[in-house]
Amino acid sequence: AVVSTQSTGKKGFRTKSYGTGSCVKLPGVTADKPNVYNFETPYEKIAEDLRNKDLSFYTQNGLLNMLDRNKRIKGKPEKFQQCKEEFDLIVTCQERVFDQVLEHLNEREQVSMNLVHVVNVEIKDNHEEATLGSFVIYELVEKLSNTEDPASDIDTVIEFLEKKRNKKFLHSLAFY
């Protein structure tokens, strides 16, 4: 998500990146022991902790590189459910996150009744897939920004990209 935020932001779109879980979970040395941090933990502190735990392992698996990239974009992870800002489009990269975003938007009190499109572009959580996925997300955002009526044209744009990229997208609406 942060890679997509960076690439679409560089192209002039206003973008933000958030987590949706109760905490930040990063892969550990074994699958059953992830590294867990709260959302207030700066990326630099997370990287320092991982370097102290196993510099070689976390360098080799790309996690330290990812954290370095993330900290250049923002200081620490942010939780979506604490965000008060309204968006026209929310793009998620995992179906589980798509469901959490919709659950949050549908459970909170609708105040402004402004429409938000929520789209999931499934991306595996590794640097290579994140980079490739950022191109798909950028293309989605670019195509929507070039239509006369993005809200009406979103289904057509999604269908086009699903065929072009051979990827299945999820799309739903919610209100603020």
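Residues numbered from 1 in each chain as written. Predicted model: local features only at pLDDT ≥ 70, side-chain atom pairs only at ≥ 80, totals over all residues. Heavy atoms only, no water.

### Focus: the pattern of salt bridges
Then comes step 1: The final tally for this structure, using the stated rule, is 12 salt bridges.
Then comes step 2: The salt bridge involving Asp68 is made with Lys71; its shortest N-O contact spans 3.6 Å. Here Asp68 pairs with Lys71, and both are found in helix H3 (residues 63-73), just 3 residues apart, close to one helical turn.
Then comes step 3: For Asp68, the salt bridge is made with Arg72, and the minimal N-O distance between the two is 3.2 Å. (Salt bridge = Lys/Arg side-chain N within 4 Å of Asp/Glu carboxyl O. Helix = DSSP H or I, 4+ residues; strand = E, 2+ residues; numbered from the N terminus.)

### A word on unusual backbone geometry
Most peptide bonds are trans, and most residues other than glycine sit at a negative phi.
Then comes step 1: We note that Met113 has phi near 60 degrees; this positive angle belongs to a residue other than glycine.
Then comes step 2: Relative to the helices and strands, Met113 is located in the loop between helix H4 (95-107) and strand E4 (115-121).
Then comes step 3: Although it is not a glycine, Asn166 sits at a positive phi angle of roughly 55 degrees.
Then comes step 4: Following the sequence through the fold, Asn166 ends up in the loop between helix H6 (150-165) and strand E5 (169-175).
Then comes step 5: Here Asn166 falls in the exposed class, since its relative accessible area comes to 71%. (Buried < 20%, exposed > 50% of the residue type's maximum accessible area, 1.4 Å probe, protein only.)

### Here we look at the state of the cysteines
Then comes step 1: Overall, the coordinates contain 0 disulfides when judged by the stated rule.
Then comes step 2: Distance from the sulfur of Cys23, which forms no disulfide, to the nearest cysteine sulfur (Cys93) is 19 Å. (Disulfide = S-S within 2.5 Å.)

### Let's talk about the packing of helix H5 (residues 127-145) against H6
Then comes step 1: At a minimum axis distance of 9 Å, the contact between H5 and H6 shows a crossing angle of 145 degrees. Regarding H5 and H6, the two cross each other, and that crossing is right-handed. Within the contact between the two elements, H5 uses Phe135, Val136, Glu139, Leu140, Lys143 and Leu144 and H6 uses Pro150, Ile154, Val157, Ile158, Phe160, Leu161, Lys164 and Arg165.
Then comes step 2: Here the residues of the contact of H5 with H6 are counted per class, giving 10 nonpolar, no polar and 4 charged. (Axes fitted to C-alpha atoms, helices over the stretch in contact; angles between N-to-C directions. Left-handed = near helix turned anticlockwise from the far one by under 90°. Contact = heavy atoms within 4.5 Å. Nonpolar A, V, L, I, M, F, W, Y, C, P; charged D, E, K, R; others polar.)

### A closer look at H6
Then comes step 1: At Thr156, H6 shows its maximal kink, close to 25 degrees.
Then comes step 2: The set of residues buried in H6 consists of Ile154, Val157, Ile158, Leu161 and Glu162.
Then comes step 3: Against strand E3 (89-92), E4, H5 and E5 lie the buried residues of H6. (Bend = angle between axes of the 7 residues up to and from the residue.)

### Here we look at the sheet that holds E4
Then comes step 1: Ordered in space as E3-E4-E5, the 3 strands form an open sheet in which the pairing is mixed. Only two strands of the sheet have a single neighbouring strand rather than two, namely E3 and E5. Sheet twist, expressed as the average angle between the axes of neighbouring strands with direction ignored, equals 20 degrees.
Then comes step 2: In this sheet, E4 lies alongside E3 in parallel orientation, the contact comprising 4 bridges. Bridging from a neighbouring strand, Thr92 pairs with Asn120 of E4.
Then comes step 3: Of the strands in this sheet, E3, E4 and E5 touch H5, which is tilted by about 165 degrees from E3.
Then comes step 4: Contacts between H6 and the sheet are confined to E3, E4 and E5, with E5 contributing the most and set at about 165 degrees to the helix. (Pairing = 2+ DSSP bridges.)

### A closer look at the nonpolar core
Then comes step 1: Core analysis: the biggest nonpolar cluster contains 14 residues, and Val119, Val121, Ile137, Leu140, Ile158 and Phe169 have the highest contact counts within it.
Then comes step 2: For this core, the elements supplying multiple residues, two or more each, are E4, H5 and H6.
Then comes step 3: Counting residues per element, this core draws most heavily on H5, at 5 residues.
Then comes step 4: Those residues in contact with Leu140 that lie beyond four places of it in its chain are Val91, Val119, Val157, Ile158 and Leu161. (Core = buried A, V, L, I, M, F, W, Y, C linked by side-chain atoms within 4.5 Å.)

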